[in-house]
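Each chain, written out:
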Amino acid sequence: MQMAESFGEIEMGYVLLNYIASFLGDTSYSIYFVTSFTFLFTVYCCIVSNNKRYMLLSWFIFLFFFYNFSLNVVRQTIAIGFTLAAFSSLEKKRYTAMLLFSVLTWLCHGTGMMVVIVLFCSCLIPSLLRRFSIKKVMYWVLVVSLVVIISVNTIFKFILGNQLFSGRYSNYLIV
């Protein structure tokens, strides 16, 4: 049904998660359980593996700020959990796991494609720092960031105008 576009604008990873959740029951509670469990388990594992000293405090702070309030946020939180795992894998130089979590991020929410850009920058900046001074690198990072921020509307219009992404991203345009 996903390939035939029967689900509309919902990503394949989330549809697959719904399918798996359907084995637990046919109520909305089963999908809420599976999506929350997927996100919370991923975050918990990253906190445990990266933060032995302040694990309980980190987990408490995370849970204090976590809540479910819409379908979009559920998909985004799962993607954020996988994004955290991708960065954790990058830090530990586990590139296969990083790639897997990056793909899972993108499959759970379309904006997960930004993870690839951020991961690329995370790899690019240290290599630039080895070649150039920190002042020069930070200057160019600032210039590029400002150009992107100033022209974000133009970038979105170009992407949507050339149909590189779905029209639903027009919600991100600053009007």
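Below is a summary of the structure that appears in this document. (Residues numbered from 1 in each chain as written. Predicted model: local features only at pLDDT ≥ 70, side-chain atom pairs only at ≥ 80, totals over all residues. Heavy atoms only, no water.)

## Here we look at helix 2 (residues 28-50)
- For helix 2, spanning 23 residues, the distance from its first C-alpha to its last is 33 Å, which sits close to the expected 33 Å at 1.5 Å a residue.
- Along helix 2, the residues that are buried comprise Ser-30, Ile-31, Val-34, Thr-35, Ser-36, Thr-38, Phe-39, Thr-42, Val-43, Cys-46 and Ile-47. (Helix = DSSP H or I, 4+ residues; strand = E, 2+ residues; numbered from the N terminus. Expected span 1.5 Å × (residues − 1). Buried < 20%, exposed > 50% of the residue type's maximum accessible area, 1.4 Å probe, protein only.)

## Concerning the packing of helix 1 (residues 12-22) against helix 2
- Running from amino to carboxyl end, helix 1 crosses helix 2 at an angle of 120°, the nearest separation of the two axes being 9 Å. Relative to helix 2, the element helix 1 lies oblique. Relative to helix 2, the crossing made by helix 1 is right-handed. Along the contact surface, helix 1 presents Tyr-14, Leu-17, Asn-18 and Ala-21, while helix 2 presents Ser-30, Ile-31, Val-34, Thr-35 and Thr-38.
- Looking at side-chain class alone, the contact of helix 1 with helix 2 contains five nonpolar, four polar and no charged residues. (Axes fitted to C-alpha atoms, helices over the stretch in contact; angles between N-to-C directions. Parallel < 35°, antiparallel > 145°, perpendicular 65-115°, else oblique. Left-handed = near helix turned anticlockwise from the far one by under 90°. Contact = heavy atoms within 4.5 Å. Nonpolar A, V, L, I, M, F, W, Y, C, P; charged D, E, K, R; others polar.)

## What about the packing of helix 5 (residues 95-108) against helix 6 (residues 113-131)?
- In the contact formed by helix 5 and helix 6, the axes pass within 7 Å of each other and the chain directions differ by 145°. Residues Met-98, Ser-102, Thr-105 and Trp-106 of helix 5 lie in contact with helix 6, whose contacting residues are Met-113, Val-115 and Leu-119.
- For the contact of helix 5 with helix 6, the per-class residue count stands at five nonpolar, two polar and no charged.

Just distances and angles here, no functional claims.
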